[in-house]
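The primary structure of each chain is shown beneath.
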Amino acid sequence: MLRSTFLGYKTATSALKVHQNYMDITGQNMANVNTKGYTRQRLDTASFGFTARNLKFSLGGVVIGQGVNSLGVSQYRDPFLDLRYRTAAAKTGDQEVQLEALSDLELFFDEIAKDGLDSQFSDLWNQLQNLANNGSTDPVYQSVVRTSAQVLTQMLNDYAGQMETVRDQQYEYMKNGATVEVNQLLKNISILNQQIKEANIGGNPALELNDERNLLIDKLSSYLDIEVKVEKINIGGDNYVDELSINLKLENGTKVKIVDNKEFAEFKTSENGRDVLFEVTDLDGNNSDLTNEITKGKIGGYIKFLNGKGEYDTTAGVTNSDARGVQYYQNLLDTLANKFATTMNELNREPTHYDSEGVGDVFGADKPLFGSRDGVGTDITAKSIKIHDDWAESKDAYITHTILEPKGNNDDKAAADNILRMIDAFKTDNDFTTEYDGTGSGLFKGTFQEFVSFSVTKLNLQVSETEKTHESYLISEYQIDFERSSLSSVDFNEEGVNLLQYSKSYNAAARLMTTLDEMLDTLINRMGV
């Protein structure tokens, strides 16, 4: 059987057309070599040949194909690598936020690089020593002690104020930064979903829009732990469109759909006392509190830092509260201030009864050295501690210098046994617990200055540990992104080789066309009877 005259032309023209498409796509790739988020494109092709389906008789003879056919344009992209990258990005985002926030605390809560609480406790101890050695009732020496104590209270106030500033700053970052950004990303993704769907219906794969959407999804994955699903929907005529949805993965194992094609959820950040709340209005319009279910991504990092109470957490089963965040370090500082003020106030009480050896064993009304800025009856904290008004306004000796029974001579004025008790209190081990009254979980046993070192060391170790974890996650994220880039990004060398290959194939197809023309000319014009 003689092959159809023009069938060879069909083979040649299909090769010309397909290799022209190859070169066009190569040019598109090379043009976007520096475009952020661009995914390398490829032409999907298939051999085109006869089919014997529904034919009455066999074709017979040698059956040769009819050339090549373009099926469409797709991208070099691996969904599994995308999944791995986005999972790693959520872990990195969590540690990144905590590291930055904890480092802000470490900047001022530093007892090594500068004179801080430890130095001021030593100064107050020295001034009490001077008072005991140079006349325990001398108003001048007592005023020096008061000045040193006032500097200590102001330092505690400053530390508490700076912690509150860091807390407010991070809350502002979460509320007006991260939450607003997440909502905008969800909105933009939903808009792109609709645009891509409309383009798919018209036969356009919308690959550039897909690149833009993938960039937004990658960014979203640094804020929340998400799962992306793409479903192909048959719209008839063997035509399909992609519908994308995004689920938010929660700590309890459940998922919340936050994007479904053109619909999207909305998040809100608010305050509940000292805690932060993270709520979602889902696709059905229902509001849910997700504060304790978000443990990854930047949002999870903010929640851990703002709500983390560490050992001070009394709420069983609350995921993020047991992290050591700003509230944990605020509570440590409050515990120190309260324990110090309570101890010194107790030591300054005057005796109303003496034992057989003339030492006071029953003490009268309070004669406090320290008070609270929040008023009488409120707990003394680092933020509220101050010199008591009675001590601040006193022009005479205010500190109780002795608890020995008066003898009615000048020795009473020179006695400094109670000052020495106060000095000993600086070197006495105290039980620091999570409750001011001594109940609750034990934190540390030691002196006031040792507790300062304990608190600072806790912060230093946490920053160091978070830094190492963040670096580990960052390296993992980088390695996965490198794998993605190796597959999806444009390589000039590879595209250059492809261009040469496709150019040669195009020239070969053109030569085939010329050869077929020469054969046909010979057959028609050069064969005589």
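Everything quoted here is computed from the prediction, not taken from an experiment.

K.L.:
So what exactly am I meant to see when it comes to the pairing of strand β8 (residues 275–281) here?
P.N.:
Successive residues of a regular strand alternate their side chains across the two faces of the sheet. Only one face of β8 is buried: it carries Val276, Phe278 and Val280, and the other face, with Asp275, Leu277, Glu279 and Thr281, is open. With seven bridges joining them, strand β7 (residues 266–272) and β8 adopt antiparallel strand pairing. The residue bridging Lys268 from the neighbouring strand is Glu279, located in β8. Connecting the antiparallel pair β7 and β8 is a turn made up of two residues, with Gly273 showing a positive phi of about 70°. Between β8 and strand β9 (residues 287–289), which follow one another and run antiparallel, lie five residues, and Gly285 among them has a positive phi close to 85°.

K.L.:
Looking at this model, I keep getting lost on helix α5 (residues 207–221). Mind explaining?
P.N.:
For an α-helix the count is 3.6 residues per turn, leaving residues at separations of three or four pointing the same way. The end-to-end C-alpha distance of α5, which contains 15 residues, comes to 21 Å, matching closely the 21 Å that a straight helix rising 1.5 Å per residue would cover. When α5 is considered as a whole, its buried residues turn out to be Leu207, Asn210, Asp211, Arg213, Asn214, Leu216, Ile217, Asp218, Leu220 and Ser221.

K.L.:
Help me understand helix α2 (residues 79–108), please; the structure alone is not making it clear to me.
P.N.:
Across its 30 residues, α2 extends 45 Å between first and last C-alpha, which sits within 8% of the 44 Å expected from 1.5 Å per residue. At the N-terminal end of α2, a side-chain oxygen is found 2.9 Å from the backbone nitrogen of Phe80, two or three residues along, and the residue is Asp78.

K.L.:
Got a minute to help me understand the packing of helix α3 (residues 117–133) against helix α4 (residues 139–201) in this structure?
P.N.:
Helix-helix packing is characterised by the crossing angle of the two axes and by the distance between the axes. Between α3 and α4, whose axes approach to 9 Å, the crossing angle comes to 165°. It follows from the interaxial angle that α3 and α4 lie roughly antiparallel. Note that α3 runs across α4; the crossing there is left-handed. In this structure, α3 uses Leu117, Gln120, Phe121, Asp123, Leu124, Gln127, Leu128, Asn130 and Leu131 to contact α4, whose residues at the interface are Tyr141, Gln142, Val144, Val145, Ser148, Ala149, Val151, Leu152, Met155, Leu156 and Tyr159. Grouping the constituent residues of the contact of α3 with α4 by class yields 14 nonpolar, five polar and one charged.

K.L.:
Would you explain the packing of aromatic side chains in this entry?
P.N.:
Centre-to-centre distance and the angle between the planes together describe a pair of aromatic rings. For the structure on display, the rule yields 19 aromatic pairs. Here the aromatic rings of Phe108 and Tyr159 are separated by 6.0 Å at their centres, their planes lie at 75°, and the arrangement is edge-to-face. Pair noted here: Phe108 is in helix α2 and Tyr159 is in helix α4, with a separation of 51 residues, a long-range link. Given the relative accessible area of 4%, Tyr159 is considered buried. Note on Phe121 and Phe340: the rings are 5.3 Å apart at their centroids and 85° apart in plane angle, and the pair reads as edge-to-face.

Rules of the game
Residues numbered from 1 in each chain as written. Predicted model: local features only at pLDDT ≥ 70, side-chain atom pairs only at ≥ 80, totals over all residues. Heavy atoms only, no water. Buried < 20%, exposed > 50% of the residue type's maximum accessible area, 1.4 Å probe, protein only. Helix = DSSP H or I, 4+ residues; strand = E, 2+ residues; numbered from the N terminus. Pairing = 2+ DSSP bridges. Expected span 1.5 Å × (residues − 1). Polar contact = N/O pair within 3.5 Å; in protein donor to acceptor, adjacent residues only side chain to side chain. Axes fitted to C-alpha atoms, helices over the stretch in contact; angles between N-to-C directions. Parallel < 35°, antiparallel > 145°, perpendicular 65-115°, else oblique. Left-handed = near helix turned anticlockwise from the far one by under 90°. Contact = heavy atoms within 4.5 Å. Nonpolar A, V, L, I, M, F, W, Y, C, P; charged D, E, K, R; others polar. Phe/Tyr/Trp six-rings, centres within 6.5 Å; stacked < 30°, edge-to-face > 60°.

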